[in-house]
Amino acid sequence: MKDTTEKPVLLTMRDIHIDGRSEETWSPIIKGVDLTLRKGEVLGLIGESGAGKSTLGLAAMGFTRDGCRISGGMIDFDGIDLRKASETERRALRGKRIAYVAQSAAASFNPAHKLIDQYSEAPVQHGIMSRAEAERDAVELYRRMRLPHPEEIGFRYPHQVSGGQLQRAMTAMAMSCRPDLIVFDEPTTALDVTTQIEVLAAIRDIVAQFDTAAIYITHDLAVVAQMADRIKVLLRGDEVEEADTRTMLSAPKEDYTKSLWAVRSYARPVQPPVTEGIPVVSVETVTAGYGAADILKNISFDIHKRRTVAVVGESGSGKSTAARVITGLLPPRQGRVLFDGAPLPADYRQRSRDQLRQAQMIYQMADTALNPKLRLRELIGRPAQMYLGLQGKALTERIRDLLRLIELEPDTYIDRLPSELSGGQKQRIGIARALAAEPKFIICDEVTSALDQLVAEGILKLLDRLQSEFDLAYMFITHDLATVRSIADEVVVMQNGRVVEQGPKPEMFQPPHDPYTELLLSSVPEMDPDWLTRLLKEREKKAGKG
Amino acid sequence: MSAIWTMIAKRLGLGLLTLFVISVLIFGATELLPGDLAKNILGQSATPETVAAFRRELGLDLPAHTRYLNWLLGAVQGDFGTSLANKRPIADLIATRLGNTLFLALYAAAISIPLSLMLGVLAALYRNTIFDRTANALALSSISFPEFFVAYILIFILAQSGLFPSMSRVDPDTGFAETLYRTFLPALTLTLVVTAHMMRMTRAAIINLLASPYIEMARLKGMTPMRVILHHALPNALAPIITVVALNLAYLITGVVVVEVVFVYPGLGQLMVDSVAKRDFPVVQAVALIFAAAYVLLNLTADVLSTLSNPRLIHRK
Amino acid sequence: MNVLITLFWIAVAIAGAMAAGWLFRAAAVALTRGGTARALRTAPVTAGFGMLVILLYVLVALFAPLIAPYAEREVVGAQFLPWDSTHVFGTDNLGRDTLSRLIYGARNTVGIAFATTALAFAMGAILGLLAATVGGWLDQILSRIVDILMAIPALIFSLLLLTIFGTSVPTLILVIATIDSTRVFRLARSVALNIVVMDYIEAAKLRGEGLWRLITREILPNALAPLVAEFGLRFCFVFLAISALSFLGVGVQPPTADWGSMVRENAALITFGDVTPLLPAGAIALLTVAVNFVVDWMLHRASGLKE
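In this convention, every chain numbers its residues from 1, walking through the sequence in written order. Whichever chain is written first becomes A and whichever ligand is written first becomes 1, with later ones labelled in order. This being a predicted model, a pLDDT of at least 70 is required before a residue's local features are given, and a value of 80 or more before pairs of side-chain atoms are given or counted; all residues contribute to the totals for chains, interfaces and linings. Side-chain numbers here rest on the full set of heavy atoms in the structure, without hydrogens or water.

Participant: Looking at this structure, how should I read helix α2 (residues 34–41) of chain C?
Facilitator: Because the α-helix completes a turn every 3.6 residues, residues three or four places apart line up on one side. Partly exposed residues are those whose accessible area sits between 20% and 50% of the maximum for their type, while under 20% is buried and over 50% is exposed, using a 1.4 Å probe and protein chains only. Strands are runs of DSSP state E lasting at least two residues, helices are runs of H or I lasting at least four, and both sets are numbered from the N terminus onward. Restricting attention to buried positions, one finds in α2 of chain C the residues A37, A39 and L40 of chain C. Down the axis, α2 of chain C shows its buried residues gathered within 160° of arc, on one side only. An arc is given here, and it is the one of the directions from the helix axis to the C-beta atoms.

Participant: Explain the sheet that holds strand β13 (residues 308–312) of chain A to me, please; I cannot follow it from the model alone.
Facilitator: Across a sheet, strands are paired by hydrogen bonds formed along the backbone, either parallel or antiparallel in direction. Residues and elements named next belong to chain A. When DSSP locates at least two bridges between a pair of strands, those strands are taken to pair. If you walk across this open sheet you meet the six strands as β16-β17-β18-β13-β19-β20, and the pairing is mixed. The sheet terminates laterally at β16 (359–362) and β20 (498–504), the two strands that pair on one side only. Across the sheet, the mean angle from the axis of one strand to that of its neighbour is 15°, orientation sign disregarded. A contact between two residues is defined here by any heavy atoms of the two lying within 4.5 Å. Think of each axis as a best-fit line through the C-alpha atoms, taken over the contacting stretch in the case of a helix, with angles from 0 to 180 degrees between the N-to-C directions. Relative to the sheet, helix α12 (residues 319–327) contacts β13, β16, β17 (441–445), β18 (473–478) and β19 (490–495), its axis offset from that of β18 by approximately 145°. Packed on one face of the sheet, helix α19 (residues 453–470) meets β13, β16, β17 and β18 and runs near 155° to β18.

Participant: Looking at this structure, how should I read the interface of chain C and chain B?
Facilitator: By convention, interface size is frequently given as the accessible area that disappears when the constituent parts associate. In this assembly, 40 residues from chain C lie in contact with 43 residues from chain B. Counting the surface chain C buries against chain B, the share from its top three residues, I156, T163 and I164 of chain C, is 16%. We count a salt bridge whenever a side-chain nitrogen from Lys or Arg sits within 4 Å of a carboxyl oxygen from Asp or Glu. For the pair chain C and chain B, the number of links is one salt bridge. Two residues, D296 of chain C and R200 of chain B, come together in a salt bridge whose shortest N-O distance is 3.1 Å. Any pair of nitrogen or oxygen atoms within 3.5 Å is treated as a polar contact; in protein, a donor-acceptor pairing is required on top of that, and neighbouring residues in sequence qualify only through side-chain atoms on both sides. Counting every contact that joins chain C to chain B gives three residue pairs in polar contact (both at pLDDT 80 or more). Buried area, as used here, totals the accessible surface that two parts lose on assembly, with accessibility defined by a 1.4 Å probe and the loss added over both.

Participant: Sorry, what's going on with the pattern of salt bridges here?
Facilitator: Inspection of the entire model under this criterion finds 58 salt bridges over all chains. Residues R230 of chain A and E242 of chain A are paired through a salt bridge, measuring 1.8 Å at the closest nitrogen-oxygen approach. On the criterion of sequence distance, the pair formed by R230 of chain A in strand β9 (residues 230–235) and E242 of chain A in strand β10 (residues 238–244) is long-range, its members being 12 residues apart. What makes R230 of chain A buried here is its relative accessible area of 18%. Judged by its relative accessible area of 26%, E242 of chain A is partly exposed. Close ionic contact of R404 of chain A with D401 of chain A constitutes a salt bridge, the shortest N to O distance being 2.8 Å. Of this pair, R404 of chain A and D401 of chain A both sit in helix α16 (residues 392–405), separated by three residues, roughly a single helical turn. Note on D401 of chain A: relative accessible area 34%, which makes it partly exposed. Connected through shared salt-bridge partners, E378 and R382 of chain A together with R207, E209, R213 and R217 of chain C make up one network.

Participant: Looking at this structure, I do not really get the domain arrangement of chain A. What am I missing?
Facilitator: Partitioning chain A into structural domains gives domain 1 (8–41 + 49–92 + 229–262) and domain 2 (281–510). Delimitation of the domains relies on an automatic or database domain assignment. Each of domain 1 of chain A and domain 2 of chain A has a C-alpha centre, and the two are 39 Å apart.

Participant: Honestly, the sheet that holds β10 of chain A in this entry has me stumped. Any pointers?
Facilitator: All names here are of chain A. Read across the sheet, six strands follow the order β6-β7-β8-β3-β9-β10 without closing on themselves; strand pairing throughout is mixed. Since the sheet does not close on itself, it has two edges, and those belong to β6 (98–101) and β10, each with one partner. Adjacent strand axes in the sheet meet at a mean angle of 15°, parallel and antiparallel pairs treated alike. With six bridges joining them, β9 and β10 adopt antiparallel strand pairing. Pairing of I231 across the sheet is with A243, part of β10. Of the strands in this sheet, β6 and β7 (181–185) are in contact with helix α7 (residues 163–175), which crosses β6 at around 175°.

Participant: What exactly am I supposed to notice about the confidence of the model for chain C here?
Facilitator: Regions with low pLDDT should not have their predicted coordinates read in detail. Residues and elements named next belong to chain C. For chain C, per-residue confidence averages 85 on the pLDDT scale, and residues scoring 70 or more make up 97% of the total. Within chain C, no element has a lower average pLDDT than α2, which sits at 75, and none a higher one than helix α9 (residues 199–207), at 93. We note a pTM of 0.84 for the whole complex and an ipTM of 0.83 for its interfaces. The quantity called pLDDT is the predictor's confidence in a given residue, expressed from 0 to 100.

Participant: Sorry if this is basic, but what is going on with the nonpolar core here?
Facilitator: Note on soluble globular proteins: their nonpolar side chains tend to be buried together. Residues F148, Y152, V262 and M272 of chain B together with W259 of chain C are the most contacted members of the largest nonpolar core, which totals 139 residues. Here this core gets 13 residues from one element, more than from any other, and that element is helix α14 (residues 281–308) of chain B. Here this core spans two domains, since at least three of its residues come from each of domain 1 (35–77) and domain 2 (91–314) of chain B. The next biggest cluster of nonpolar side chains, apart from the first, holds 87 residues, and it includes M145, V161, A174 and A202 of chain A. To define a nonpolar core, start from buried Ala, Val, Leu, Ile, Met, Phe, Trp, Tyr and Cys residues and group those joined through side-chain atoms within 4.5 Å.

Participant: Help me understand the environment of I16 of chain A in this model?
Facilitator: All names here are of chain A. Here I16 is to be found in strand β1 (residues 9–22). Sequence separation between I16 and M74 is 58 residues, and the spatial gap between their C-alpha atoms is 6.6 Å. In this structure I16 touches I30, K31, G32, V33, L56, G72, G73, M74 and I75, once residues within four positions along its chain are discounted.

Structure follows, in structure tokens:
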């Protein structure tokens, strides 16, 4: 953390108002936010979805997305009034003095051009370097961003480079004109935790090396703690508070900030491991995959009544494929799935209606999991009608009960469409639909990863309560170790289609670990601002020893 | 790279197979003719002897698959048999007319392709301005007009005043400049019809991409709108644009029928319509086969070209 | 000069059309309530004009016998009479009243095109949805058949089939509908494929829902908006195709009043500077323009709502 209070001011935004158009009317997205950034300073912008972080970050470049407009306020970048400047003047600043790093590097690199061509574009078009100079410079910056094979990597197309490397190449590209300010818009959100570390370290170093000022936008508090000198918290287009990073972490003033900090500490009491009795679901030596490749390789685990088994892994680990095998969408090549001790037919089409009823699923994206054209009455009522034969009044009563269970007022909600609900409410409907079948076992596939922290916590608490109320067994698929910590009884760690470690949660979070579990656990950012520095030192030491 | 060649070879094979199935369909269609073909042509009053002689002459006494093979082998070598109407070899009838039709199609393509790509890019660049809205409304109207409507309006406006001939009579002796002049109205009609379509699709293909993050990135790198469109959007919009250009070229070759009839232009389309009216089956079959082959070939070319325009397919991981 | 005068009248016509579209939209907004009114208020003037024209055509088609001054096939005077007060648009090549034939043409031409589109849609949409939902060999077989049929240019294919099967109205409808249903199949299938990959379809399958319910309750409601827009586009295409065939003499046969054939029968007049043959052609153009304007607005709305 550096002290920048003595440095000259680079960017000043005063009383910024930004509107977004929905149908025919303009509604406010940013409602009068101030922002000051000094040279070489990193400001963290945090908030939940809809807080207006990205909109504000882009406004710092004098840019608004289609359907948005800056309706009030002043933006001064190093003496240039960005709102009064012409589009040509603003264009001359973008890429040259203010650069942008987007959330998804894979989508933000043009698929038709090589990386190095995209690197050279800004310096050449802005007339700073010749093409040859820009290419030499690219190699130098790729090296500084610790990209493998810096001399060659630029001559690849974006689809030939992995996500973490692309994100670093994009940061290098943003640096190409040595800008005074870079806006980082959730640069690591789409990455796995183990990849995230490398990108965070590379970004932090390069920003420090060139003394570049940055606005670092993220929803992840632990990440922002590593990157920012100061933190500004936004809520629905308004500023909640702003302070230097350490003060903000140790002594937040506002209730909203405190509640954000508190989410991370939620944990339910651990239940003792079950050693006897028949497990509800038992996956036995399953190997499965698509085409020639095996995605799951000989995996086994059990799930008992009233217990939550968290299946943890990064993308590509095969955790969702395991769910597809259990539900019967992907028949395994070898092995089998037992339910209450009896083998289930491999293909869901061969399963009886009762077998289908017993195992339900809740999806990650509630948006795509609920038919947008059906009302809640039918969405929730259909399983009850199908499996339990409920009709007419009894059915309506059951739907109302289910809505009450998920804490939604029946009279208000029963005839709504999914589009008339918030993200958290939609996920609750997903839960109610699963409950309507009166199952014994529910697969929760990343059910909280698309939700904001506070909302996610509500969902976890609800699932927890329902488990004890209805004796449910949960299989909880997630990549987020914080979620595992708060709800799991047992943990299964997967990597490349294999189970690398499994056992009761308290054991899993205590050393000794399997090396991959160790890597995974140590890569989860912590709220301590010194965590990244410490971790990198530790890893360096270990590598030196090895 | 070898993956690409395998893919192209597969497409070619599939194209040939398609063409084969189409030839079976075209040939087989006449077999579906209710009643006897010979009687159908000669009429009910024909004596059994004449009918039998006619059947022999047409080879109708042979089994269907033998006739099909003979027909296909002949067609591959450019021999399509003889016309029922005037007993001349079909190949002779087709030869000059095919050239005329191709000439007219190329004429229209040479004007419409550059024009529509330019208009499409401009409409995308100046989207939602008066220029874009006007171009769109005009294009939409032009697509909605039946070709003969466009053709007759052009005749009414341009041929009435004697600027251009309303009939495009050409023969092999007509000079090139004279041919261009005489066929200007049919070419213009075709141009108006296909330009609108291609322009709309080009605009849509580009605008579809403008919401992509990499376009926003280019804008945030301070690139001019023109460069964003030409350098960032256009290379990624090539596949749909190539497809639509090929579709319209195919349309130019096969869809000229109406225009040829209006302007009395001696092309394949007119021949086909005449033969349909005379129920001259061998000619109809031959022309249909040629049209279908051109169509398949163009679509195949478009398919291969748009594959080649995709860096994800050319530069494998 | 001729050109300038024509351009002037075109400008006047466009201005008039826009004004009519604006008025119609205002009236429609006033007469409807809720979501419909809100949707109409944001409609462009072109869409308002399109809806007005479609409404007029439907009315003329329905009440043709009441509106037309003479019968459809009645010879009322000499051939090619000029425009006057008894025969507003003169008479045709056989001495029939052009205005009356135009009015009956609305019924015949539009009716046949509509029936054809409806049939093409029934076939194409059902098979397309089925292919996407069931997948596997059924999808393979249907898609390959459609690929082959679509590899033959539509106009050429219809000319070939009409030569063989003759040119009665039922044959015409069947032939064009079959050819056109391949295009509907493609669209319905691709729309449904985008829906089939959704989690809610997976959920419905895992729930044990049957094929019928999957298609009617889960897929169809979500595919409806693009399919309705496509219906408009297909109608235009079919309408133009049938008119072209009639114009070529292999479509709707005389003495039935049909716009395409009317152009063909009276085309000779155009070289004498008489615009009468342009009237039926214009009638065709006006309706397709109108439908396209409405469809364009619907597609725009559908894509706008998605974001």
